[in-house]
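Chain by chain, the residues:
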Amino acid sequence: MQVSTKQVLLSVENLKKYFPLKIPWTQALLKRERPTVKAIDDISFNIKKGETLGLVGESGSGKTTTGRVIIRLIEPTSGRILFDKKDISKLSKENLRRARKDFQMIFQDPMASLNPYMRIGKTVSHPLEIHKIGTPAERKEKVLSLFEKVNLIPAKEFFNRFPRQLSGGQRQRVVIARAVVTNPKFIVADEATAMLDVSVRSQILKLMIDIKEDLGLTYLFITHDLASAKYICDRIAVMYLGKIVEIAKTSDLFKEPLHPYTRILMGAVPIPDPKLKRSKIIPKGEIPSPINVPSGCRFHTRCPYATKICSEEEPELVEHQGRLVACHLFDKK
Ligand code: SF4
């Protein structure tokens, strides 16, 4: 599934993030190899300008680490991150600070990501101060107009409130306003609606779509909630134990998931019609530890279709029916 390079905003190439674990000094003296958690293990993908790419998978699949590494909140172990054709994986601290105005993150827990002692007007204008954008009066005007855009009305009243005086949905609106205040091009939204009630969740998803269209944004939307991903994403990448196992258009993925792991995830999505039944594939056992990643296809210990080759050879992400899938069932070799 080739993407025209002209349209690509973000290109991730062979990205890895390994976390070395501490070992007892006795083992260090014996020069025992330090075990590592392979949170991201050689993944590549593109996101086109204006696109929303979903990143889905179970907890522990590496999706949150991927989002954090891409915007350099965590340093990558290796690989390249091309943002607007510039490699940001090696930017110095100062250059990274300047570049940050173009890519921002929306975190899962709005209460934890807002300073409880700072009025929300000040919180949202803070990135403008850091990047020395506008005069104090211009910043205030910008924040007030953003508050109107994210439906924190009357904006002047909200400007002086503290986070504790807001509901969960209102706090997430503040976080969204702060993320877009510097006019970024790209947003990583990490479980942005996971802590909200279902009714508020749909309002925030709708707001994210409206804001994206208004401001010409591009999203990486990280979630374990496939219903939200179906609603907001143009394409979806499925992660399992640090690897991408399938990337497809959202409509294709929901119509016919190819990878056995994607089929299992889809089987877990409730269908709002009691007469309809989804065929269920049951995975064997638990997700293995990322310290001892299984050989070959790392899903083989749980896959109901596994054959001998699956434990011996790692399947590559190959094109099949207009999508990318990493499974020997679809490998032409
Ligand atoms: Fe299952 Fe084998 Fe495909 Fe892995 S490669 S998903 S074990 S069939």
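Whatever comes next refers back to the structure up there.
Everything numeric here is computed off the predicted structure, so don't read it as measured data. (Residues numbered from 1 in each chain as written. Predicted model: local features only at pLDDT ≥ 70, side-chain atom pairs only at ≥ 80, totals over all residues. Heavy atoms only, no water.)

Attention shifts here to the nonpolar core. Side chains that are nonpolar tend, in soluble globular proteins, to be buried together. Counting 55 residues, the largest nonpolar core has Ile106, Phe147, Ile176, Met208, Ile211, Ile236 and Val238 as its most contacted members. When neighbours within four sequence positions are excluded, isoleucine 211 is seen to be in contact with Lys149, Val150, Ile176, Val180, Gly216, Leu217 and Tyr219. With 29 residues, the next largest nonpolar core counts Leu9, Ile43, Phe45 and Met105 among its residues. (Core = buried A, V, L, I, M, F, W, Y, C linked by side-chain atoms within 4.5 Å. Buried < 20%, exposed > 50% of the residue type's maximum accessible area, 1.4 Å probe, protein only. Contact = heavy atoms within 4.5 Å.)

The local shell around the ligand consists of His259, Pro260, Cys297, Phe299, His300, Cys303, Tyr305, Ala306, Cys310, Cys327, His328 and Leu329. At a threshold of 2 Å from the grid points, most atoms of the ligand map onto the largest cavity. Of the residues belonging to the shell around the ligand, the class tally is 9 nonpolar, 3 polar and no charged. (Near = heavy atom within 4 Å. 1 Å grid on protein atoms, 1.4 Å probe; cavity = no way out; pocket = protein on both sides within 12 Å on 5 of 7 lines; lining within 4 Å. Sits in = over half its atoms within 2 Å of the grid points. Nonpolar A, V, L, I, M, F, W, Y, C, P; charged D, E, K, R; others polar.)

Before going further, it helps to spend a moment on empty space enclosed by the protein. Inspection of every chain in the model, using the stated rule, returns 1 cavity of 30 Å³ or more. Put simply, the largest cavity is a space of about 80 Å³. Contributing to the lining of the largest cavity are His259, Pro260, Cys297, Phe299, His300, Cys303, Tyr305, Ala306, Cys310, Cys327, His328 and Leu329. Classifying every residue of the lining of the largest cavity gives 9 nonpolar, 3 polar and no charged. (Points joined across faces, edges and corners; volume = space filled by probe spheres on them.)

If you walk across this open sheet you meet the 4 strands as S2-S1-S4-S5, and the pairing is antiparallel. Unpaired on one side and paired on the other, strand S2 (36-48) and strand S5 (86-87) mark the two borders of the sheet. Summarising the sheet, strand S4 (residues 78-83) and S5 pair through 2 bridges and their orientation is antiparallel. Pairing of phenylalanine 83 across the sheet is with lysine 86, part of S5. (Pairing = 2+ DSSP bridges. Helix = DSSP H or I, 4+ residues; strand = E, 2+ residues; numbered from the N terminus.)

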